[in-house]
Amino acid sequence: MPKEARPGTGEQAKQHAIAQLRQAILQGDMAPAQRLVENELAEQFGVTRASIRAALIDLEAQGLVERIRNRGSRVRVVTVQEAVAITECRMVLEGLCAAKAAVAASDGQLDELTDLGTAMTKAVADGEPLTYSDLNHELHTRIREFSGQQTARELLERLNAQLVRHRFQLALRPGRPQQSLNEHLAMIEAIRARDPQAAESAVRAHLTSVIEALSD
């Protein structure tokens with residue numbers, strides 16, 4: 001965004017700062033434990049320190065930032081134990097979304113899931129773990145979207161944002177994408193069969209496997 005077009009103050013400036021910071025954290029441009037210096041961020045995003053401070057408070061509530069007394073703010077470090085706990089919560093909500101999607105998804109939406117499964121298979125065959133990780137994220141996003149369960153979708157977006165670093169690490173672990181692929185294809189197959197119970201079970205099986213991988 002050109003500097004002159006950046007909002008400098010007010011609610012618009014805060015939302016601009018939140019969006020930029022959130023994107024940087026989720027894309028890995030800002031690493032866990034990295035200090036977030038208000039002056040530097042204000043200059044970088046073309047907003048006031050007050051806007052940055054307000055944005056950091058919101059991001060703290062979302063679990064992406066932690067404020068340490070007398071030391072300022074930093075990107076929150078999510079421990080393995082926390083990642084497991086978050087994934088346990090995901091299991092319930094993602095299972096619900098898959099069950100709902102099995103009933104509510106249109107034929108065209110089911111085809112989208114199939115296409116994602118095909119692309120994921122190709123990414124694994126081509127040895128492209130980061131591409132696979134992006135497609136994995138996209139598949140889960142689409143299932144939530146197709147479920148029509150807006151409350152679960154919003155909760156999951158907040159939970160998943162805290163797991164981005166662990167997601168990348170798992171994607172790069174040797175052999176993990178191959179195992180994960182079969183789990184995702186089972187999810188797609190159950191949703192395409194319009195079998196809510198099988199869809200929920202497939203998601204739970206997949207996330208149980210994620211928990212086991214996180215705990216290794």
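Preceding this section is the structure that the text describes.
The model shown is predicted, which means the values in this text are computed figures rather than measured ones.

Colleague: Sorry if this is basic, but what is going on with the overall build of the protein here?
Modeller: Check the secondary structure of the protein and you find ten helices and three strands. Taken from N to C terminus, the helices and strands of the protein fall in the order α-β-α-α-β-β-α-α-α-α-α-α-α. Here the protein has a C-alpha radius of gyration of 19 Å; the compact-globule value for 216 residues is 17 Å, and the two agree. Seen through its principal axes, the protein has C-alpha atoms that stretch 55 × 35 × 30 Å. Of the contacts made within the protein by residues no fewer than 6 positions apart, 75% connect residues no fewer than 24 positions apart. For the protein, the exposed area adds up to about 11100 Å²; of that, 50% sits on carbon and sulfur atoms.

Colleague: Explanation requested: the sheet that holds strand β1 (residues 35-36) in the structure shown.
Modeller: The strands making up a sheet are joined through hydrogen bonds of the backbone, oriented either antiparallel or parallel. Taken together, the three strands give an open sheet; going across it, the order is β1-β3-β2, and neighbouring strands pair in antiparallel fashion. Strands with a single pairing partner mark the edges of an open sheet, and in this sheet they are β1 and β2 (65-68). Pairing of β2 with strand β3 (residues 72-75), which is carried by four bridges, proceeds in the antiparallel orientation. Bridging from a neighbouring strand, Glu66 pairs with Arg74 of β3.

Colleague: It is not clear to me how unusual backbone geometry should be interpreted in this structure. Could you clarify?
Modeller: With the exception of glycine, the majority of residues adopt a negative phi angle, and the majority of peptide bonds are in the trans configuration. You will see that Ala33, though not glycine, has its phi angle at about 80°, which is positive. Turning to its location among the elements, Ala33 is positioned in the loop between α1 (10-26) and β1. By relative accessible area, which is 35% here, Ala33 ends up partly exposed.

Colleague: Sorry if this is basic, but what is going on with the nonpolar core here?
Modeller: Core analysis: the largest hydrophobic core is formed by 40 residues, its most contacted members being Leu113, Leu139, Ile143 and Ile191. For this core, the secondary-structure elements that each account for two or more residues are α4 (80-104), α5 (107-125), α6 (129-147), α7 (150-161), α9 (176-192) and α10 (196-215). Setting aside residues up to four positions removed in sequence, Ile191 forms contacts with Ala98, Ala101, Ala102, Leu110, Leu113, Ile143 and Ala199. Of all hydrophobic cores here, the second largest spans 20 residues; its members include Ala24, Leu36, Phe45 and Val47.

Colleague: Would you mind showing me how to read the pattern of salt bridges here?
Modeller: A side chain with one charge can pair with a side chain of the opposite charge if their charged atoms come near. In total, this model carries 18 salt bridges according to the counting rule given. Across the salt bridge formed by Glu94 and Arg90, the nearest N and O atoms sit 3.0 Å from each other. Taken together, the residues span about one helical turn, with Glu94 and Arg90 both in helix α4 at a distance of four residues. Across the pair, Arg90 and Glu94 agree in class, each one buried. A salt bridge links Asp111 to Arg192; the shortest N-O distance between them is 3.3 Å. With Asp111 in helix α5 and Arg192 in helix α9, the pair connects residues that are 81 residues apart, well separated along the chain. Here Asp111 falls in the partly exposed class, since its relative accessible area comes to 40%. Each of Glu112, Glu138, Arg142 and Glu145 takes part in salt bridges that share partners, so that together they form one network.

What counts, and at which threshold
Residues numbered from 1 in each chain as written. Predicted model: local features only at pLDDT ≥ 70, side-chain atom pairs only at ≥ 80, totals over all residues. Heavy atoms only, no water. Helix = DSSP H or I, 4+ residues; strand = E, 2+ residues; numbered from the N terminus. Rg over C-alpha atoms; globule rule 2.2 N^0.38 Å. Contact = heavy atoms within 4.5 Å. Areas by Shrake-Rupley, 256 points an atom, 1.4 Å probe, with all protein chains shown as cover. Pairing = 2+ DSSP bridges. Buried < 20%, exposed > 50% of the residue type's maximum accessible area, 1.4 Å probe, protein only. Core = buried A, V, L, I, M, F, W, Y, C linked by side-chain atoms within 4.5 Å. Salt bridge = Lys/Arg side-chain N within 4 Å of Asp/Glu carboxyl O.

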